[in-house]
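Coordinate inspection notes
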Amino acid sequence: MQNMFWALAIGRHFWHVSLYLSLPVYRSSTSYMITYQLSGSRFSWRIGGVLLAVFFMLTVIGLLFGIFVVNPIAVGKCRFFIANRQNRGGYDQIFSLFRSGVYLNVVKTMFLRDLYTVLWSLLLIVPGIVKSYEYSMIPYILAENPQIDSSRAFAVSRSMTNGEKAAIFILDWSFLGW
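Anyway, here's the lowdown on the structure attached to this text. It should be emphasised that the depicted structure is a prediction, and the values quoted were computed from it without experimental measurement. Starting afresh in each chain, residues are numbered from 1 along the sequence in its written order. The model is predicted, so local features are restricted to residues of pLDDT at least 70 and side-chain atom pairs to those at 80 or more, both for listing and for counting; the totals for chains, interfaces and linings are taken over all residues. Side-chain calculation: all heavy atoms of the structure are included, whereas hydrogens and water are not.

Here a cavity is any set of points on a 1 Å grid over the protein atoms alone where a 1.4 Å probe fits but cannot get out, and a pocket is any open set with protein on both sides within 12 Å along at least 5 of 7 lines; a residue lines the site when it has an atom within 4 Å of a point. Grid points are joined across faces, edges and corners, and a volume is the space filled by probe spheres set on the points. As a volume, the largest pocket reaches approximately 240 Å³. Along its surface, the largest pocket is lined by Ala74, Lys77, Cys78, Met110, Arg113, Asp114, Thr117, Ser132, Tyr135, Ser136, Pro139 and Tyr140. Numbering of helices and strands starts at the N terminus; helices are DSSP runs of H or I of at least 4 residues and strands are runs of E of at least 2. Contributing elements (two or more residues each) for the lining of the largest pocket: helix 1 (45–85), helix 3 (103–123) and helix 5 (138–144). When residues of the lining of the largest pocket are assigned to their parent elements, the largest contribution, four residues, is made by helix 3. Residue classes in the lining of the largest pocket are distributed as six nonpolar, three polar and three charged. Residues are grouped as follows: Ala, Val, Leu, Ile, Met, Phe, Trp, Tyr, Cys and Pro are nonpolar; Asp, Glu, Lys and Arg are charged; all remaining types, including Gly, are polar.

Following this line, the structure appears as structure tokens:
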């Protein structure tokens, strides 16, 4: 099965850009490729600028959605698991942080966790992985105590995972292939 692919090639002149789009077409048992070429006057830099702006806007919207919606839901998931450990939780636990007064504290702490992990990953890949395991208990800490200060949550997570990062890593890898 053939995949779609995009190739960007420089045209005759350095200001002309040719954009090739190859689409696989499947008809009965025969497959063939249709190739379109947009170059010269038919390709406008305005189209590229619009596409870049749309991509940028979608990236920003995705990041904001992750920060303000996905992270509190992840903490709510941990809250749901903790409550069900004692057989007293319902599905409303997952979205409970949106209705409580601690929403902004949870958003701030989870954002800092993600930011620190990204910054450590920029240094090298391995320190980013180590720090992601060091900060892995922050959602559970926030689930039990959502009003905890972010620096205290980082310190508690650091002490909880001290000497246990390798065990958590092996546990994560044990779920591959499930």
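On to the packing of aromatic side chains. Note on ring pairs: Phe, Tyr and Trp rings are taken, using the six-membered ring of Trp, and paired if centres are within 6.5 Å. Classes follow the plane angle, with under 30 degrees stacked, over 60 edge-to-face and the rest tilted. A complete count under the given rule lists nine aromatic pairs for this structure. With 5.0 Å between their ring centres and 90 degrees between their planes, Tyr135 and Phe154 make a pair best called edge-to-face. Linking Tyr135 in the loop between helix 4 (125–134) and helix 5 with Phe154 in helix 6 (residues 150–161), this pair joins segments that are 19 residues apart in sequence. Only protein chains enter the accessibility calculation, which uses a 1.4 Å probe; a residue is then buried when its area is under 20% of its type maximum, exposed when over 50%, and partly exposed in between. Assessed through its relative accessible area of 4%, Tyr135 is described here as buried. Of the residues examined, Phe154 reaches a relative accessible area of 5% and is grouped as buried.

Here a salt bridge means any side-chain nitrogen of Lys or Arg lying within 4 Å of a carboxyl oxygen belonging to Asp or Glu. Taken as a whole and assessed by the stated rule, the structure comprises three salt bridges. Notably, a salt bridge pairs Lys131 with Glu134, separated by 3.2 Å at the nearest N-O pair. In this pair, Lys131 and Glu134 are both assigned in helix 4, three residues apart and thus about one turn of the helix distant. Taken as a pair, Lys131 and Glu134 share a single burial class, namely buried.

Another aspect to go through is helix 3. When the terminal C-alpha atoms of helix 3 are compared, their 31 Å separation across 21 residues agrees well with the 30 Å that a helix rising 1.5 Å per residue should span. Tyr103, Asn105, Val106, Val107, Thr109, Met110, Leu112, Arg113 and Thr117 are the residues of helix 3 that are buried. How far a helix is expected to stretch is found by multiplying one less than its residue total by 1.5 Å.

As far as function goes, none of this settles anything; it's purely spatial.
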